[in-house]
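Summary of structural features
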Amino acid sequence: MFNEILQLSPFSLSKSEKELLLTRRLSELTNHHIKNCPEYASILSGIGFDIAECGSYYDLPFLPVSLFKELDLKSITQEEIFKVMTSSGTTGQAVSKIYLDKTTANNQQKALAKIVSEFTGSSRMPMLIIDSPSVIKNRTMFSARGAGILGFSIFGADKAYALNDDMEIDLPAIEAFFEKHSGKRILLFGFTFMVWSHFYKELLKIKHRFDLHNGILIHGGGWKKLVGESVSKSEFKSKLTDICGLNDIHDYYGMVEQTGCIYMECEHGHLHASIFSDVITRRHIDFSPCEFGEPGIVQVVSVLPESYPGHSLLTEDEGVILGEDDCPCGRKGKYFQINGRLKMAEIRGCSDTYAVNR
Amino acid sequence: MTNLQKYENAFIETLGIEQNQTTNLEYQAIPEWDSIGHMSLITALEDVFDIMMDTDDIIDFSSFEKGKELLKKYDVQI
């Protein structure tokens, strides 16, 4: 059924069509994981879950995302494990382990490509990665940061890293890269904290000004560390525009537990759910769904996870659904914003890992 | 060098495999041809044939044989 979804344009379904599709696929995944993941089956039988009582994907159970730190949850055999991805937990924090087989790994890449192409176009661009090449050294087990970089690499035609292995800005490499691709549209990709601390702040220090008015920056991984530096979203954008002319800037929201299904920020500053996934905000008191405009705990559902029971997860983030099917950008589906981590939740955004390690 | 030789060499060099492994080789069938190996392979092919592949074709590039077919779109006959 995933291949059917893949044929559709990622922001083309309106509420009722999308609900039908997600209910069908997510029920199928729930049954699949009950059959193939004993821990998942026992959790669901423990809460007395009966799929026959589910009229909509809103009724399907959700696992707290922290469960992937405590348990090795997978719906595949040891031999079928193709990659293990870890969340960006820091020293002293447990990390999530996400087990991928070939099918799920492939589907993640396909979904990501479909979603991002809606914002970048399908032609590839020279790509400057605002990170250090050491992030993807171990290829069988990589962190959320590595997975993000790898997943986005498909949009890059010629790639360069802006930072060296010591996380210092590599100005000669950047200059050479911009010179080589002068006049072309350039894709810049990096984690929010890295872009700010290791790119923007370093550019401030030097006299030379790069002209990136033709570039597009995609960044993600959390704002938490920047809130400490009191950098707001709008400030982040305007400062980058000031220093290098960059004005096509998109944040994205996503997590390693649902890699592939990212939520891209549109031209109007809204995060968008594609047909591969959805967000539901829930009330703290009874987990009932919030109204639009009402802040709540973010639940994410994804049609991708077949190798591990991560198709419906309760995150540790607070967010607000702003509307559905009627964003001025024209994309259908829900659009929302993330307010930040719930209090008491651990620091574990991709770009926050590095921040804590400092 | 023929196009086939160039094509095979890209696999041999970027994935670090032997020539006899290339026939019928599929994406993800060996540890070397994972998503990292895949992007290196695409880069090598783009360099040697002086082409730029679309994102969709990179994703569809699922085997040694499939790649030959996809490259025809870029006027590369193998």
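Residues numbered from 1 in each chain as written. Chains lettered and ligands numbered in written order. Predicted model: local features only at pLDDT ≥ 70, side-chain atom pairs only at ≥ 80, totals over all residues. Heavy atoms only, no water.

With respect to the overall build of chain A
The condition that has to hold: Secondary structure follows DSSP: runs of H or I at least 4 residues long count as helices, runs of E at least 2 residues long count as strands, and numbering of each begins at the N terminus. Atoms considered for the radius of gyration are the C-alpha atoms alone. The globule rule reads 2.2 Å times the number of residues to the power 0.38. For every residue, the accessible area obtained with a 1.4 Å probe (protein chains only) is divided by the maximum for its type, and the residue is called buried under 20%, exposed over 50%, and partly exposed between those limits. Here a residue-residue contact requires only that any non-hydrogen atoms of the pair lie within 4.5 Å.
In terms of helices and strands, chain A carries 11 helices and 15 strands. For chain A, whose C-alpha radius of gyration is 20 Å, the value lies close to the compact-globule estimate of 21 Å for 358 residues. The principal-axis extent of the C-alpha atoms belonging to chain A is close to 65 × 45 × 40 Å. Residues classed as buried in chain A amount to 57% of the 358 residues present. A sequence separation of at least 24 residues applies to 71% of the contacts in chain A between residues at least 6 apart.

Some points on empty space enclosed by the protein
Under the convention used in this document: Cavity: a set of points on a 1 Å grid over the protein atoms alone where a 1.4 Å probe fits but cannot get out. Pocket: an open set with protein on both sides within 12 Å along at least five of seven lines, its lining residues, like those of a cavity, having an atom within 4 Å of a point. Grid points are joined across faces, edges and corners, and a volume is the space filled by probe spheres set on the points. Each residue is assigned to one of three groups, with Ala, Val, Leu, Ile, Met, Phe, Trp, Tyr, Cys and Pro labelled nonpolar, Asp, Glu, Lys and Arg labelled charged, and all others, Gly among them, labelled polar.
Counted by the stated rule, this structure contains 2 cavities of 30 Å³ or more. Its volume calculated, the largest cavity comes out at about 540 Å³. As for the largest cavity, its lining consists of 37 residues, and the residues nearest its centre are Gln108(A), Gln109(A), Ala147(A), Gly151(A) and Thr259(A). Taken together, the elements giving at least two residues each to the lining of the largest cavity come down to strand E2 (83-86), helix H5 (102-120) and helix H6 (144-153) of chain A together with helix H2 (35-49) and helix H3 (55-60) of chain B. Looking at the lining of the largest cavity, its residues break down into 22 nonpolar, 13 polar and 2 charged. In this structure, the second largest cavity spans a volume of roughly 50 Å³.

A word on the pairing of strand E7 (residues 187-191) of chain A
Residue and element names in this part refer to chain A. The criterion, for reference: In short, DSSP must find at least two bridges between two strands for them to pair.
Counting buried positions over the 5 residues of E7 gives 5, a clear majority of the element. Burial along E7 is two-sided: the face carrying Leu187, Phe189 and Phe191 and the face carrying Leu188 and Gly190 are both buried. Relative to E7, strand E4 (residues 125-130) runs parallel, the two sharing 4 bridges. Among the inter-strand pairings, Ile129 is bridged to a residue of E7, identified as Phe189.

Focus on the domain arrangement of chain A
Residue and element names in this part refer to chain A. Which entries qualify depends on this criterion: Throughout the structure description, domain borders are defined by an automatic or database domain assignment. Computed with a 1.4 Å rolling probe, the buried area is the accessible surface lost when two parts are put together, summed over both parts. The term salt bridge refers to a side-chain nitrogen of Lys or Arg lying within 4 Å of a carboxyl oxygen of Asp or Glu.
Domain assignment breaks chain A into domain 1 (2-64 + 261-341) and domain 2 (108-253). One C-alpha centre belongs to domain 1, the other to domain 2, and the line joining them spans 28 Å. Counting residues at the interface gives 25 residues for domain 1 and 19 residues for domain 2. Between domain 1 and domain 2, a total of about 1900 Å² is buried, with carbon and sulfur atoms accounting for 68% of that surface. Interface area lost by domain 1 to domain 2 is led by Ile262, Met264 and Glu265, which between them contribute 36%. Between domain 1 and domain 2 we count 1 salt bridge in total.

Some words on the side chain of Ser27(A)
All names here are of chain A. How we decide: By the criterion applied in these results, polar contacts are pairs of N or O atoms within 3.5 Å in which, for protein atoms, one can donate a hydrogen and the other can accept it, and in which residues neighboring in sequence qualify only through two side-chain atoms.
Mapped onto the secondary structure, Ser27 falls in helix H2 (residues 15-36). With relative accessibility at 17%, the residue Ser27 sits in the buried group. Engagement of the side chain of Ser27 in a polar contact is seen with the backbone oxygen of Thr23, the distance being 2.6 Å. For Ser27, the contacting residues outside a window of four places in its chain are Leu22, Ile51 and Leu60.

Details of the interface of chain A and chain B
Counting from both sides, the interface comprises 18 residues of chain A and, opposite them, 18 residues of chain B. Of the roughly 1600 Å² buried between chain A and chain B on both sides combined, carbon and sulfur atoms contribute 59%. If you sort the residues of chain A by the area they bury against chain B, Arg124(A), Arg139(A) and Ile154(A) come out on top, with a joint share of 37%. Inspection of the chain A/chain B interface yields 2 salt bridges. There are 5 residue pairs in polar contact (both at pLDDT 80 or more) connecting chain A and chain B. The dominant element in the side of chain A that touches chain B, judged by the number of residues it contributes, is H5(A), at 6 residues. Of the residues in the side of chain A that touches chain B, the class split is 8 nonpolar, 4 polar and 6 charged.

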